[in-house]
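# A look at the structure
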Amino acid sequence: MSERRVRVRFAPSPTGALHIGGVRTALYNYLFARQHGGDLVFRIEDTDSNRFVPGAEEYIIESFKWLGIQFDEGVSFGGDKGPYRQSERRAIYKEYVQQLLDAGKAYIAFDTPEELEAKRQEITNFQYDCHTRGKMRNSLTLPKDEVERLIAEGHQYVVRFKIEAGQEVLVNDLIRGEVRVKTDILDDKVLFKSADQLPTYHLANIVDDHLMEISHVIRGEEWLPSAPLHVLLYQAFGWEETMPQFAHLPLLLKPDGKGKLSKRDGDRLGFPVFPLEWHDPKTGEVSSGYREQGYFPEAVINFLALLGWNPGTEQELFTLDELVPLFDISKCSKAGARFAYEKGIWFNHEYILKKSNEEIAQLFFPIVKEHCSDETLERVVAVTSMMKDRVSFVKELWPLCSFFFVAPTEYDEKTAKKRWKDDSAQVMTELMAVLESIDDFSLENQERIVHEWVEQKEYKLGNVMNAWRLTLVGEGKGPGMFDISAFLGKEETIRRMKRAIEVLG
């Protein structure tokens, strides 16, 4: 028998913004597919019509486009195993529900919500299973003609999976190893509801994974309890040979405590939990996104890849292409991964350093133009080369280096008190004369001439430079003084110094 082609899927529900945990699941599926020369399928699980949110599907697709995670087939990507939207597959699911009913592997239950609630009150920890189904209103306890009458009269019903007692289910998990579960503790899950003529997650997934020839199901740890049921469904259909291999990924945990990462954690600590900004059409609430916060998609990918898996080396910076051959699903952690959002900021800083000055300047240029409409890209590149190593986000550049483009109108009181001495006005006036006399205003030439003058006058270099910085910048920040003056040019340097002497006295 030829080796089976690797086919994995990412199957979100369009119920709102895509959580960053879902992004990591999709990323691991992508890496696994690419590593094995396989396919990544994009499927939409929209069988729960009550939870559908307009715009969510488009949001999810745009998120992956921004992140650079490419799908091979599925909703909006084409393919020959569609439809890839579950709401368009109703007829397919009905056929397989009937197959289970005909084989006696499933049964019809007519219990109303009120009857189920009454049973919960009567029996502690009640679940609908092999021990309780005989006491309920279903096709196992009712005569055949009554079942037919109830259906004909339009009574609502569900189809439940009939799980036999006294068996052991074996789930082979690529991360967790062998997981064994006794069937006596499993309930008879609902597979289909007559109310909306749609299957539940459990049936739809099994049928879709089988028909779409999915070889591996890589999903979050929260789905691990449903894995035994999925194994039993594969067996009930006689599909053991095509059963996918499972891998249940560790949860993303709160940065500062126990439990699963939530949007509230992001709101509380000031970091996004969604890839893109999300505008909730129902509540009008706007949630921040990594893209709008100024993160690079490569930094987000790099950060997420190492949450729950690492290559076992000291290296931390990886492109998407570099991650493909290194990724090993079996080396994923079993324990949850703490969402250290500060590390995401660190990654963004590292990617700013990796990118060329020109690339960062192109991103910074529109911000500069908002304040100084006549600035040139060439000058923005020069400033970026001096300052980009000091920021984690491009948007942080303007407050840090606006002085290059806009002369200070006031002078930081604390810095002035500390750096502006009694003789500073006189020394700065002398320095202006020295600078006026320089024809070649290059950084190196200025530095040589000014240093010679300081030595000759026996001034303290630190005092001179600190006072000079205050005149040009307005506070005690920025790169080397000769970097600043060379950028500003002679005329602007002297103009700023004159004004500072007038204001500071």
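Conventions adopted
- Residues numbered from 1 in each chain as written.
- Predicted model: local features only at pLDDT ≥ 70, side-chain atom pairs only at ≥ 80, totals over all residues.
- Heavy atoms only, no water.
- Salt bridge = Lys/Arg side-chain N within 4 Å of Asp/Glu carboxyl O.
- Buried < 20%, exposed > 50% of the residue type's maximum accessible area, 1.4 Å probe, protein only.
- Pairing = 2+ DSSP bridges.
- Helix = DSSP H or I, 4+ residues; strand = E, 2+ residues; numbered from the N terminus.
- Patch = residues over 30% accessible without salt bridge, like charges linked within 9 Å, V, L, I, M, F, W, Y side chains within 5 Å.
- Areas by Shrake-Rupley, 256 points an atom, 1.4 Å probe, with all protein chains shown as cover.
- Lys, Arg positive; Asp, Glu negative; His and termini not counted.
- Charge placed at Lys NZ, Arg CZ, Asp CG, Glu CD.
- Axes fitted to C-alpha atoms, helices over the stretch in contact; angles between N-to-C directions.
- Parallel < 35°, antiparallel > 145°, perpendicular 65-115°, else oblique.
- Contact = heavy atoms within 4.5 Å.
- Nonpolar A, V, L, I, M, F, W, Y, C, P; charged D, E, K, R; others polar.
- Phe/Tyr/Trp six-rings, centres within 6.5 Å; stacked < 30°, edge-to-face > 60°.
- Polar contact = N/O pair within 3.5 Å; in protein donor to acceptor, adjacent residues only side chain to side chain.
- Domains from an automatic or database assignment.

A few words now on the pattern of salt bridges. For the structure on display, the rule yields 43 salt bridges. Taking the shortest distance from any N to any O, the salt bridge between Arg 379 and Glu 375 comes out at 2.7 Å. Judged by relative accessible area, which is 28%, Arg 379 ranks as partly exposed. For Glu 375, a relative accessible area of 10% puts it in the buried group. Taken together, the shared-partner salt bridges in this structure form one network comprising Arg 9, Arg 43, Glu 45, Arg 89, Asp 208 and Asp 209.

Summarising the sheet, strand S5 (residues 158-161) and strand S8 (residues 190-193) pair through three bridges and their orientation is antiparallel. Note on S8: the bridge partner recorded for Val 158 is Lys 193. Taken together, the two bridges between S8 and strand S9 (residues 198-199) define a ladder with antiparallel strand orientation. The partner of Lys 193 across the bridge, within S9, is Leu 198. In this structure, the hairpin formed by S8 and S9 is closed by a connection of four residues, where Gln 197 is found at a positive phi of approximately 55°.

Let's shift gears to a negative patch on the surface. A cluster of like negative charges, contributed by Asp 439, Asp 440, Glu 444 and Glu 447, occupies part of the molecular surface. Mapped onto the elements, Glu 447 comes out in helix H17 (residues 443-457). Residue Glu 447 is classed as partly exposed on the basis of its relative accessible area of 34%.

What follows concerns the packing of helix H16 (residues 424-436) against helix H18 (residues 461-473). For the pair H16 and H18, the least separation of the axes is 10 Å and the interaxial angle reads 80°. By the criterion of interaxial angle, the relationship of H16 to H18 is roughly perpendicular. When H16 is examined against H18, the residues Ser 424, Val 427, Met 428, Leu 431 and Leu 435 are found in contact with a partner set consisting of Val 464, Ala 467, Trp 468 and Thr 471. Looking at side-chain class alone, the contact of H16 with H18 contains seven nonpolar, two polar and no charged residues.

Our next topic: the packing of aromatic side chains. Using the criterion set out here, one finds 30 aromatic pairs in the structure. Seen from their ring centres, Phe 10 and Phe 64 are 5.5 Å apart, and the 85° between their planes marks the pair as edge-to-face. Of this pair, Phe 10 sits in strand S1 (residues 7-10) while Phe 64 sits in helix H2 (residues 56-67), and the two are 54 residues apart along the sequence. Note on accessibility: Phe 10 and Phe 64 belong to one class, buried. Between the aromatic rings of Tyr 295 and Phe 393, the centroid separation amounts to 4.8 Å while the plane-to-plane angle is 75°, which identifies the pairing as edge-to-face. One end of the pair, Tyr 295, is in the loop between strand S14 (286-287) and helix H9 (297-305); the other, Phe 393, is in the loop between helix H13 (377-387) and helix H14 (397-401), and 98 residues separate them in sequence. Owing to a relative accessible area of 7%, Phe 393 belongs among the buried residues under this scheme. Connected via pairs of aromatic rings, a cluster forms that spans Phe 271, Phe 303, Phe 339, Tyr 341, Trp 346 and Phe 347.

Moving on, we come to the environment of Lys 490. By the element assignment, Lys 490 lies in helix H19 (residues 481-504). If we skip the residues at most four places from it in the chain, Lys 490 touches Leu 435, Glu 436, Ile 438 and Phe 441. At 3.0 Å, the side chain of Lys 490 forms a polar contact with the backbone oxygen of Glu 436.

The topology assignment puts Asp 267 in helix H8 (residues 263-269). Taking C-alpha positions, Asp 267 is 17 Å from Gly 16, a pair spaced 251 residues apart along the chain.

Turning our eyes to something else, we now look at the domain arrangement of the protein chain. Domain parsing of the protein chain yields domain 1 (7-75 + 207-252), domain 2 (90-198), domain 3 (263-352), domain 4 (355-404) and domain 5 (413-504). Placing the centre of domain 1 and that of domain 4 at their C-alpha centroids yields a distance of 41 Å.

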